[in-house]
Amino acid sequence: MIVRVRCKDGTFRLDLDPQADAAKLGSKIVHEVPNVDSVTIKISNQPRGGETLLSTLVGRTIGALGLKHGDMIFASYDYLGAATTSAAPSVPNSSATAVPSVAAQTTSSNAPAKRTWEDVQEDPVDDFWRQKDGKIPRERDAQFCKHGTNAMCDYCMPLEPWDAKYRAEHSIKHLSYWAYLRSKTVGVAQSAPAGLPPLDKLSYRVKVPCPSGTHAPWPGGICSKCQTSAITLQPQSFRMVDHVEFSSSTLIDKFLSAWRKTGLQRFGILIGRYEPYPEVPMGIKAVVEAIHEPPQEGEVDGLTLGLPWEDESRVKQLAADCKGLQMVGVIFTDLTADETDRTKLICKRHKDSFWLSSLETSFAATLQLSHPNPSRAAPSGHFSSRFVTCVLSGTPKGDIDVSCYQASEQACAMVDADIIEASVEPGIVRVKEESASRYIPDVFFRYKNEYGLDVQQTAKPSFPVEYLLVNITHGFPTNPSPAFISTDFPIENRPGLEDQDMSKVVDELFKRGASAITSPRDARTSPATSQQVMTYLSDWHLLSFLGTVGVLSADDVRIMADAVTAPNLESTDGMEAIAKRDGWQTLMAIVGTHSPAIPTRPPPPSGDIGMDDEFEIPEDFDVPLDTATHGAVSGTKTCPHCTFDNPADATDCMICGLPMD
């Protein structure tokens, strides 16, 4: 078959055998361009990007690369050094010298060379869509379809997932990630999956070292080979996440409770997973199961926090233990009450101001760069990110609503290359000034003027932030089925507002009779008690707290997290798995020694009581002094702080550790 090769020395027609090794392709290129360094040959199915070293394809046949008769590939390479070229007496000799280097690699390994992107572990939702064709089915058209039930025509045949007319009819603004990926491979459907990945990470950095090798690396020198081309900002046609679904409205209510009590803004990490979203062709949604709040200092008009924080790795591992959950995004509040009506909120984000400020957009891009999406469709093994940013702010009606966004690929690349920065005007992004160590390419953006004409304008020194945003829909399920059943335990990192305490855990487990479950047999014989305990333990904030108190080991927390995440309350298997652990036995020993708090005398009436007023002296519920001092049981001493019965000779309480006297 004939394969066309286009390179900087021209276009060549190569006669290749489909069963020949990929090394044969390298030898043919070396034969056409004698002074080529065969080790540096790279091929791609597109003019720019997606290059793969030919040496990594050695061991695969030409046909296995997906090449067919008449296909064109693009080759890039470096030339041999001047000494090597001058030492070669003739073209045939230099060719004969270069070819064995490729052939030697062929004989050194008979197995196909592994490529980095082939071993990437993708998200389960990617594995799901990779096995589907993504076609949009259509019903038989009663007016135009004239064929039988077992046939189809242009009026009823399935549509491609990127069909523009279907998107317009269903008000779908962006392509889903997988629809975009399929659209990129439609022209090379045979070659892209078996050969070279169709996607490539966008980068605006100066290439170091320069591919030409003719000057010192940046900032020592720069040329057209290593510098970035001019950037033209345009709306992104696809989005990595199409929808954000909060598993329960209680998540938002609990998150807002801190602002309602203090008036200070809050920030949280979204814990959840990715699932198929059927409302968009080959769509993906982020399902939020919990909101974890890292250490922060809230303010009336903002907040201060440090990311990553000290406990982040433990929280990530805990999320993974909860049946594969992960960090899917962030959420923060931007709420200001209306002074004229405290029940309403001021609407600060609208079409005439901004949706996401330039500072927040840069922050979102930074978070997305730190949470790349693993993908086998990119040579680097990663493409873009599915990390979302959600904002709770006021609506024009004075209510509270959620808005979800992602920074575009261009935004992430510009932040990564240190090209842009936030400005004092929230809706404006500023392009940084060029310096000796910072190269700033030309940046343009396009818009329609008052005459409806498409105009290109320079983005220096600033441009609207909307060019860097991708909006995402959000909602709540019709029939909620959250992975964590309980939300009663106090939320972390709310000092003075909600304090997490081990005594509260012991007290709640004691009320539910958890001390009676010390073995798998107890769990089987007491299904009602097991159900109550499992319901209480199915709480993200409780699981996070138990991992820090030192009572449960890492393995104990892992077993418990797996058992109480989306538990089957009709079965006792989860409780049986927990009851086997030594950490649970230790916790139940503490619960077994717990005594209920002594009831206290009710407070006196708030009003003044005169000497002549008739009132009854309430019954004295206090424990007698001798009982409280010497213990309800002979030979024991009751702690005045936690009421635990200690041995008579104890000086400090065995439970709370406080002095007895």
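Every chain is numbered independently, its residues counted from 1 as its sequence is written. Totals for whole chains, interfaces and linings use every residue, but because this is a predicted model, local features are given only for residues with pLDDT of at least 70 and side-chain atom pairs only at 80 or more, for both listing and counting. Side-chain descriptors were evaluated using all non-hydrogen atoms of the structure, hydrogens and water having been removed beforehand.

An unreviewed UniProt entry lists the chain under the name Nuclear protein localization protein 4, with Dacryopinax primogenitus as the source organism. Quoted verbatim from the Sequence similarities (unreviewed entry) field of UniProt, the annotation for the chain is "Belongs to the NPL4 family." UniProt positions are given in the numbering used here, feature names are shortened, and annotations may be inferred rather than shown by experiment. Here the chain is described in UniProt, under the heading Function (unreviewed entry), as follows: "Involved in the import of nuclear-targeted proteins into the nucleus and the export of poly(A) RNA out of the nucleus. Has a role in the endoplasmic reticulum-associated degradation (ERAD) pathway."

Let us look at the packing of helix α12 (residues 502-511) against helix α14 (residues 527-537). The axes are straight lines fitted to the C-alpha atoms, using for helices just the contacting stretch, and the angles between their N-to-C directions are given from 0 to 180°. Secondary structure elements are defined from DSSP: runs of H or I of at least 4 residues count as helices, runs of E of at least 2 residues count as strands, and each element is numbered from the N terminus. Taken N-terminus to C-terminus, the directions of α12 and α14 make an angle of 155 degrees; their axes are 10 Å apart at the nearest point. The angle between α12 and α14 places the two elements in the roughly antiparallel class. Pair α12 / α14 crosses with right-handed handedness. Residues K504, V505, E508 and L509 of α12 touch α14, and the partners they reach there are V533, Y536 and L537. Orientation categories follow fixed angle ranges, with anything under 35 degrees roughly parallel, anything over 145 roughly antiparallel, 65 to 115 roughly perpendicular, and all other angles oblique. Handedness of a crossing follows from how the near helix is turned relative to the far one, being left-handed for an anticlockwise turn of less than a right angle and right-handed for a clockwise one. Residues count as neighbours in contact if any of their non-hydrogen atoms are within 4.5 Å of one another.

Time to look at the layout of surface pockets. Within this model, the second largest pocket holds a volume of roughly 560 Å³. Buried and open spaces are told apart on a 1 Å grid over the protein atoms alone, a cavity being a set of points where a 1.4 Å probe fits but cannot get out and a pocket being an open set with protein on both sides within 12 Å along at least five of seven lines. Residues with an atom within 4 Å of a point are the lining residues. Forming the boundary of the second largest pocket are 19 residues, of which G302, L303, F332, L359 and E360 lie nearest the centre. A per-element tally of the lining of the second largest pocket places helix α10 (residues 358-370) first, with four residues. Split by residue class, the lining of the second largest pocket holds seven nonpolar, seven polar and five charged. Grid points are joined across faces, edges and corners, and a volume is the space filled by probe spheres set on the points. For this classification, the nonpolar set comprises Ala, Val, Leu, Ile, Met, Phe, Trp, Tyr, Cys and Pro, the charged set comprises Asp, Glu, Lys and Arg, and every other residue, Gly included, is treated as polar.

The next point concerns the sheet that holds strand β4 (residues 52-53). Any two strands with at least two DSSP bridges between them are considered paired. What the five strands build is an open sheet, ordered β2-β1-β5-β3-β4; its pairing is mixed. Since the sheet does not close on itself, it has two edges, and those belong to β2 (10-15) and β4, each with one partner. Both strand β1 (residues 2-7) and strand β5 (residues 72-76) contribute to a ladder of three bridges, which runs parallel. Residue pairing for β5: R4 is matched across the bridge by M72. Along the sheet face, helix α1 (residues 22-32) touches β1, β2, β3 (42-44) and β5 and points at about 130 degrees away from the line of β2.

The strand order around the closed barrel formed by seven strands is β9-β11-β10-β14-β15-β16-β22, and the pairing between neighbours is mixed. In this sheet, neighbouring strand axes are inclined to one another by 35 degrees on average, regardless of whether the strands run parallel or antiparallel. Relative to strand β15 (residues 388-394), strand β14 (residues 326-334) runs parallel, the two being bridged by six bridges. When the bridges of β15 are listed, I331 appears paired with C390.

Once that is clear, we can look at the packing of aromatic side chains. Each aromatic ring pair is described using two quantities: the centre-to-centre distance and the angle formed by the ring planes. Note on ring pairs: Phe, Tyr and Trp rings are taken, using the six-membered ring of Trp, and paired if centres are within 6.5 Å. Classes follow the plane angle, with under 30 degrees stacked, over 60 edge-to-face and the rest tilted. A complete count under the given rule lists 14 aromatic pairs for this structure. Each ring, one from F489 and one from F545, has its centre 5.4 Å from the other, and the planes form 40 degrees; the classification is tilted. Here the residue F489 occupies a position in the loop between β22 (469-475) and α12, and F545 occupies one in helix α15 (residues 540-546), the gap between them amounting to 56 residues. Exposed residues in this analysis have more than 50% of their type's maximum accessible area, buried residues have under 20%, and partly exposed residues fall in between, with area computed by a 1.4 Å probe over protein chains only. Assessed through its relative accessible area of 3%, F489 is described here as buried. Here the aromatic cluster, defined as three or more aromatic residues joined through ring pairs, consists of Y177, W178, Y180, F238 and F383.

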